[in-house]
Structures are given as structure tokens and as C-alpha cells.
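# An overview of the molecular structure
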Amino acid sequence: RRTGHCRCSVGTSQCDPWSQGLFLGPLGIPETFTAWCNSHLRKAGTQIENIEEDFRDGLKLMLLLEVISGERLAKPERGKMRVHKISNVNKALDFIASKGVKLVSIGAEEIVDGNVKMTLGMIWTIILRFAIQDISVEETSAKEGLLLWCQRKTAPYKNVNIQNFHISWKDGLGFCALIHRHRPELIDYGKLRKDDPLTNLNTAFDVAEKYLDIPKMLDAEDIVGTARPDEKAIMTYVSSFYHAFSGAQKAETAANRICKVLAVNQENEQLMEDYEKLASDLLEWIRRTIPWLENRVPENTMHAMQQKLEDFRDYRRLHKPPKVQEKCQLEINFNTLQTKLRLSNRPAFMPSEGRMVSDINNAWGCLEQVEKGYEEWLLNEIRRLERLDHLAEKFRQKASIHEAWTDGKEAMLRQKDYETATLSEIKALLKKHEAFESDLAAHQDRVEQIAAIAQELNELDYYDSPSVNARCQKICDQWDNLGALTQKRREALERTEKLLETIDQLYLEYAKRAAPFNNWMEGAMEDLQDTFIVHTIEEIQGLTTAHEQFKATLPDADKERLAILGIHNEVSKIVQTYHVNMAGTNPYTTITPQEINGKWDHVRQLVPRRDQALTEEHARQQHNERLRKQFGAQANVIGPWIQTKMEEIGRISIEMHGTLEDQLSHLRQYEKSIVNYKPKIDQLEGDHQLIQEALIFDNKHTNYTMEHIRVGWEQLLTTIARTINEVENQILTRDAKGISQEQMNEFRASFNHFDRDHSGTLGPEEFKACLISLGYDIGNDPQKKTGMMDTDDFRACLISMGYNMGEAEFARIMSIVDPNRLGVVTFQAFIDFMSRETADTDTADQVMASFKILAGDKNYITVDELRRELPPDQAEYCIARMAPYTGPDSVPGALDYMSFSTALYGESDL
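Residues numbered from 1 in each chain as written. Predicted model: local features only at pLDDT ≥ 70, side-chain atom pairs only at ≥ 80, totals over all residues. Heavy atoms only, no water.

Going by the annotation in an unreviewed UniProt entry, the name recorded for the protein is Actinin alpha 1, with Rhinopithecus bieti given as the source organism. Here the protein is described in UniProt, under the heading Sequence similarities (unreviewed entry), as follows: "Belongs to the alpha-actinin family." (UniProt positions renumbered as here; feature names shortened; annotations may be inferred.)

Shown next, in the form of C-alpha cells:
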């Protein structure tokens, strides 16, 4: 006996709206349910007028259930008594319960007594079970399935956004869109306005009643005048549309399959275009960069070469790193694309000529080779220019000293003063000439040094060699002329010497001692002012030691100076004592005591200056040594750290710890820790720049160069990115092929077990043992030790596993596992092939069958049918690529969907 309030459930859904009076709202639920019942009862030739009265005897209730279920109920009681009515209602309620509906608190007495809440609750239960529960759209059912069906059907229509079964339908456009989607000839949708809901609703209700045999269950004014129309009334009415159009569901499923296939194809085409563009841009950049790096035209100045070095540093720090990332991303995109093509059963992607990954790697290798040579050339050129600047300054200094010394010497040698001179004057001239010859011989070394420096400048290709050569030639010619004039004057004096006997020995002694001392002072001044260039502390210490040794000779030199001045003083004393008639100057030399004292004072002034210069250079070399140690300390930490990380990544890529997602998460955390290390690399770059700015070319404190660190860092970033990509592709393969985590672990465990040297690859014998451990029967024929299987080996492997290896079949399999026709099969390709054999993927026959459904079983399809059944962008995609149909049953505008379907899978040309 069923009495009390109604609570029912269909499957697992609980319904208790009628117990709260929700069926008596302003929208007219009784009228809606009455119209729904009559839409079925009229099939039996009857109807109801009052829903709470006409079902009281149970007869029309039983008749309604027979019509909507298509089954016969128990024979009804025809009596008019209350007991007969209760019996009929109980038979109807028992039938409802037999269909899986749990009726709670619905009693036959309440129905017989005309309880409107219980009656409406019972009718809603029937509607849920027989009109809504069986609705199924893409793995959703009942209310959710009906809502998804409405959303899919109204998606192409403007101003329609179905999100629920109440306010989304108030403007009437949703009902009109459903009708127009399936029967576009019944409604001119373009003339409907969102601001005229009454017209829209009445149009939909009238058309549905007249042409679709759907009774008018709702009132347009009630819907517009209610803030929130009743959800159950709307669902009841909308379900009638679903059942009226259920025949179109098959076509929708077929369209969805085609959309899925076309979306995959469009995505793959976009990935191919992106790869081609990125590869083209990268190759073009390499093509432009290599000529710049190959340019070995040297600059003439140190500043210009240092600017070239700065440009090269900018290239390594700013321009190249993004290209390294682009190259890595290009390889990742290529691998991802190939994986997606395999998973979607598409042919492998072959880039256009010259844009293969191997082509890019070759071009990149050429770039790095040229880059290495360019940096070495830059450093060598800077060393050469530094040496040239030093030599050129030394040449100019020595040339200026020599030119100052030779100034007036030719005129002096051409004098013929001996012709009118006295005997004493002749002797004086002869002695003076001897002193000059001694001085001339002392300057011979300087002339030879000037010539040697000029020769070295020529050999080092000094840019201003012509002017240096001209000046050197002028000095050499002048020197030869001085030698000839000296010889000629000496011969003249010696011819006259026999006539001269008197000579002032004292002046001669003065001249002989003053000239060497003067030369020594000039040499000392030259050495004290000489520029120097050193690169180590040891070199500057050597210069300092030599300078200290020089300073130790100054006391003896001072004694020599006093002795020479004593000779001059003695001459003056003799002249004053004996009143000798002298001209007042030494006839044998032009060196005066004042000149000796002046040069001596100059030497004493240059000594502390030299001390200061050596001290400053020593401090600079100490600073350079600190820079070397600072860089070496960091490089000796960063270099091994990079190597350790590379080894750890290698171990992570072959070990098994957790799921692939766990490994991917671990790798990404690892990648983050590596990226966080970047500031230390930047700090080392800063130290390296300081070293280069200080022109430091060697470092005994470390074996690592900045280039080693850069290359190692770039390889580390590339390796972690590639490893992450490999795990992502394994996840794609696992999910797409349905491989369980246990299977993936078994494959990896076997692989690691036979990878004896932990290299991440298997040799031929290791690979054979691995396959046998997985249950494959592989012959014992010897393998070539390449880590892969060649064509014959792979054929034998497949035959041993039960494959029929005809030539055509084997060619087909080889085209899958070896799309690049390299003649070898990698372990990853073998696993992809084995998992692909059991995967459920779309085929050309399935797509052909879907098109045939859309075409109404015709061998061709029309443009209108494509545009009606497919989204606009994918419909136009098909129209643009389908060939005209040429069969005997062709009509104007017919398109050949069969050849189009086979082309999607590479079985013909698209």
C-alpha cells in the first residue's frame, strides 16, 4: 500500500519536488503535463481534460504507460467502485516500479482521491523514466545529456547560449534554433529578434505543433512573465524535441568523428608549418652569421680590435643563446610532431629539402667550428697589435734619439777647418775626430736596433710600415754617409798630422773619459725612460731586480763623474797658472762639465720615476693574479657541478622511481634548480669580462675556460629539456596506446637490466636478450654491434613473433618504424610499433563510413550537406580539398569523400 507524500528515484537520482508544492507555480505545470500525456494518449485515440481527475480510475493511466512503453499491462478492472480504481492504479505503479523506478510514498489512494501533488509527482516520474532517462549524448545521460544535446545543436546560432532549463529559454531563440538546425525550411531564423520573445516563443510552439507533431505544452506569456520558468516544464517540452529529432543523432555522431579527425589533421599541418618556418629562420641566421665569423680582415688599431672582441662577446652572450633555445625547441617540436603523427595513425613528417634536423645540426656544427677559430684569431690579433704598438713606440723613441744625435754631424764632418788651423789645432781636431769615431761606434748598436725593430714591424704586418721603412731607410742612408764622411775626414787629418806635434794631453784624457761616461748616461736615461710590457708577477719582479742592480752602480758612476770633472778643473788650473791662450773650450769634445752635471741630475730624477712605474705595474700584476684566482675558484666549482648534473640527469633518464608523471615532476623540479644556478654563471661571466678587459690571456689556477663553462651550461640546459620531452612523449605514447604503468615499468626494467654499462642504450646482444626477456622469440644470428637492428634483422624478429612477412607487408611496416629510411630500427620505434598494433585508432574506412552517413548512404556528398553537418571552418576545409565526384550516379556539385578519406591517412594524395 502506497500512501503519504511522494519521493521517487530513477536510477540514483532522487526527486521530491511535488511534496513541496513546486508543481503549482505560475507557469502551469498541470497544463504542460496534460499536453505531454495527450501527445501520447492520442495515439490510442483518447485524451484527458483534467489531469487530477482523469487518472483517478487508473484506466487512462495504464493506457498511457502501454503507449509510451510499447508493452501490455495486466488487464484492468472495469468496475466503478473505489476498490477497482485502487487496483488499477496499483497495477500502473507496479509497472513503473518494474522499470527500475523506486517509488517512495506514492500511494494509489492519493491518486484515486485526486491529490494533485501526488498525481503530478507520478507524471513527472513517468516523464523522467520514459522521456528523459534514456537520453545519452557523448557519455552523459538524462538531464545532463539533454542539456549537452541542446548546447551542441544551438552552438552555431547567434544570441543563443543554453546553460540550463529555465532562463536560457525565455527569449524563445533556443526553441527556434533547435527547429531550424534540423528543419531549416520551417523557420526564417535570420528575421528573429532577441528583444521580441513572445513572437519567438509562439513561432516555435506553433511550428512544433503543426509540423513536428509536438503539442503546445507551454504558454509564451507565462514564460516571459516569470523570472525563472519551471525547469521540469521546460525539460518535458524540450525532451519532445529530442525524441522528434532523435533520427539525426546518428548523423551528429558521424560528424563528430569527422571533426575529430580533421582537427587532428589541421593541428598537425600547423605544427609542420611552424617547424618549417622555425627551421628556415634558424638556417638563415646561421647563413648570415658564418660569413661574419669567417671575416679575418685585421684592424689597424688596438681599439678597433677590442671593439671586435666586444662585438663577439655580445654575440655569445646576447645573440647566440636565444638561437640555442630555438634549436632545442625545434628538435622538441619535431619529436613531438612525429609522436603525434604516430599516435594519430598518420604518415611520418619529412621536412623539406635542407631543413632536416640533421641539416640544422650540421649547419650548427659549422657555425661553432668557425666561431671557435674566430675567437682564437681575435686574441692572436690583439696580442699582435699590442706587440706592434710597443715596437712602434720603441722605434719612434730610438729614432728620435738617434736623429737628435746625428743632427749637424754631416756639416761638422764636411768642415775644412784644418786647412788654416795651427799645429795644436790640427792635433786637437784629430783627437776630436777620434773621439767622434768612438762615439759613432757607440751609436752603431742603436742603429742596428732601429733596423731590427723596423724589420720586426714589417714581419708583423704593421699598418704604418711604409712610413717606418722610409724613416729607417733615411737613418741607414745617413749612417752610411756619416761613415763615409768620417773616413774621408780622418784621412785628411792624418795627412796633416805629420805637420802637427803639439797636443793637449789633458783635454784628450778628458774627452776620452767624458765620452764613454756621457754615452753611459744617455744609455741610462734611455733605459730609465724605456717602456715595458709584462704579463706576470715574475716578469715585473725581474725588471725590478735589474733596476735595483742599476741603482747599485750609481756610487761608482758618481766617482767617475767627479774624476772627469777633476780633469776639467785641472785644465782650468793649468790655463790660469800658465796663462795659456786657449779658446776656452775643449778641442777634443763638445761634452762640457755642465752637460755632464745636467745629464747626471736628469738620471737621478728618472730613477724614482722608474721606481714608481715598476711599483704601479707590480700592483697591477697582483690585481691580475687576484682576478685569475677568483675566476679559477669559481670555475673549479661550476665546471664539476655541471658535469655532476649531466651525470645525474643521465641516471634519472634510465632509472625507475614512481610513475612517468612522478619522473616528469622530478625532472621539472630538477630543471628549476638548474635554472636557479644561472646567477652563478652570470657572475662568472662578469669575472671573465674583467679578465679580458685586463688583457689576461692565461690562468694557471684552473683548466676551465669560459667557453668550456658556456658549452657545458648550454649542453646541460639542452639535455634536461630533451629528457623532459622524452618523458612527455612516453606519457603521450602510454595514454594513447593504452599501455599500463606496469607494462611501462616492465619495459624499462628489462631495458635497464640489460644496459650493463649504464649508457642509456643497448648493444645488439643486449637488445636481443631484452626482447627475449619480454617474451619474444628472437633467433641467435649474430647482430652487428650498432645498438640497432638493420632491415634483415628486423624482418627475422617480426617473423619469429608471428607476422606474415611478404615483401609488401614488410615494406609497409618499415615505412612506419623507419620513416626516414635510415636502414635501422631503434628501440623506441620498435616499442611504438608493438604498442600501435593493439591500439584503437581511426582509419580511413571509419572516416569513409562517417561521410557516407552524412551523405545519406550516397557515394558522394554535396556542399550543402557538409555545411549543414560540420562546423563552418572544418566544412570549408573539406570543400577546398575534396575532388569532384565522377561516378555514374554523380550530380552537379557532387564531391568525392572516399578519395579524401584515404588521403587523410597517406594512402593517396590529398
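### Things to note about the nonpolar core
Formed by 77 residues in total, the largest nonpolar core has its most connected members in I126, F175 and F241. Broken down by element, the residue count for this core peaks at eleven residues, all from helix 6 (residues 116-132). Beyond its immediate chain neighbours, meaning those up to four positions away, F241 contacts W149, F175, L178, I179, A208, L212 and I214. By size, the runner-up hydrophobic cluster in this structure holds 42 residues, among which are L282, I290, L330 and Y462. (Core = buried A, V, L, I, M, F, W, Y, C linked by side-chain atoms within 4.5 Å. Buried < 20%, exposed > 50% of the residue type's maximum accessible area, 1.4 Å probe, protein only. Helix = DSSP H or I, 4+ residues; strand = E, 2+ residues; numbered from the N terminus. Contact = heavy atoms within 4.5 Å.)

### Points about the environment of T843
Take T843: it is sitting in the loop between helix 30 (827-836) and helix 31 (844-854). A relative accessible area of 30% means that T843 is categorised as partly exposed. Separated by 497 residues in sequence, T843 and R346 place their C-alpha atoms 9.6 Å apart.

### Quick look at helix 6
Its 17 residues give helix 6 an end-to-end C-alpha distance of 22 Å, which sits within 8% of 24 Å, the value for a rise of 1.5 Å per residue. With 15 of its 17 residues buried, helix 6 lies for the most part within the structure. Of the residues that open helix 6, the one with a side-chain oxygen 3.0 Å from the backbone nitrogen of K117 is N115. (Expected span 1.5 Å × (residues − 1). Polar contact = N/O pair within 3.5 Å; in protein donor to acceptor, adjacent residues only side chain to side chain.)

### Considering the environment of A44
Residue placement: A44 occurs in the loop between helix 1 (29-41) and helix 2 (51-54). Considered as a pair, A44 and L64 are 20 residues apart in the sequence and their alpha carbons are 8.5 Å apart. Beyond its immediate chain neighbours, meaning those up to four positions away, A44 contacts L63 and V67.

### Regarding the confidence of the model for the protein
Scored by pLDDT, the protein has a mean of 80; 81% of the residues are at 70 or more. Below pLDDT 50 for its whole length, residues 499-503 participates in 15 contacts with residues either more than four positions away or in separate chains. Between residues 776-787, whose pLDDT stays under 50, and residues either more than four places distant or in other chains, the model counts 27 contacts. (pLDDT = per-residue confidence, 0-100.)

### A word on helix 24 (residues 678-693)
Along its 16 residues, helix 24 runs 23 Å from first to last C-alpha, staying within 8% of the 22 Å computed at 1.5 Å per residue. Buried within helix 24 we find I681, L684, E685, D687, H688, I691 and Q692. Axial view of helix 24: buried residues confined to an arc of 165 degrees, hence all on one face. L695 sits one or two positions beyond helix 24 and adopts a positive phi of about 60 degrees. (Arc of directions from axis to C-beta.)

### Observations concerning the UniProt feature "coiled-coil region" (unreviewed entry) in the protein
As recorded in UniProt, the sites labelled "coiled-coil region" (unreviewed entry) are residues 261-288 and 426-460. Along residues 426-460 the backbone is 94% helical and 0% strand, and the end-to-end C-alpha distance reaches 50 Å.

### Describing the pattern of salt bridges
Enumeration according to the criterion identifies 52 salt bridges in this entry. R881 is paired through a salt bridge with E269; the nearest N and O atoms lie 3.9 Å apart. Placement of the pair is R881 in helix 33 (residues 872-881) and E269 in helix 12 (residues 249-294), with a sequence separation of 612 residues. Here R881 falls in the partly exposed class, since its relative accessible area comes to 33%. The exposure class assigned to E269 is partly exposed, which follows from its relative accessible area of 24%. In this structure, the salt-bridge partner of R868 is E869, at a minimum N-O distance of 3.2 Å. On the basis of relative accessibility, which here comes to 40%, the residue R868 falls in the partly exposed class. (Salt bridge = Lys/Arg side-chain N within 4 Å of Asp/Glu carboxyl O.)

### A closer look at the packing of helix 24 against helix 25 (residues 706-737)
One can describe the packing of helix 24 onto helix 25 by two numbers: an axis separation of 11 Å at closest approach and a directional angle of 160 degrees. The orientation of helix 24 with respect to helix 25, classified from their angle, is roughly antiparallel. For the pair helix 24 and helix 25, the crossing hand works out as left-handed. In this structure, helix 24 uses K678, I681, L684, E685 and H688 to contact helix 25, whose residues at the interface are M706, I709, R710 and W713. Within the contact of helix 24 with helix 25, the residues separate by chemical class into five nonpolar, one polar and three charged. (Axes fitted to C-alpha atoms, helices over the stretch in contact; angles between N-to-C directions. Parallel < 35°, antiparallel > 145°, perpendicular 65-115°, else oblique. Left-handed = near helix turned anticlockwise from the far one by under 90°. Nonpolar A, V, L, I, M, F, W, Y, C, P; charged D, E, K, R; others polar.)

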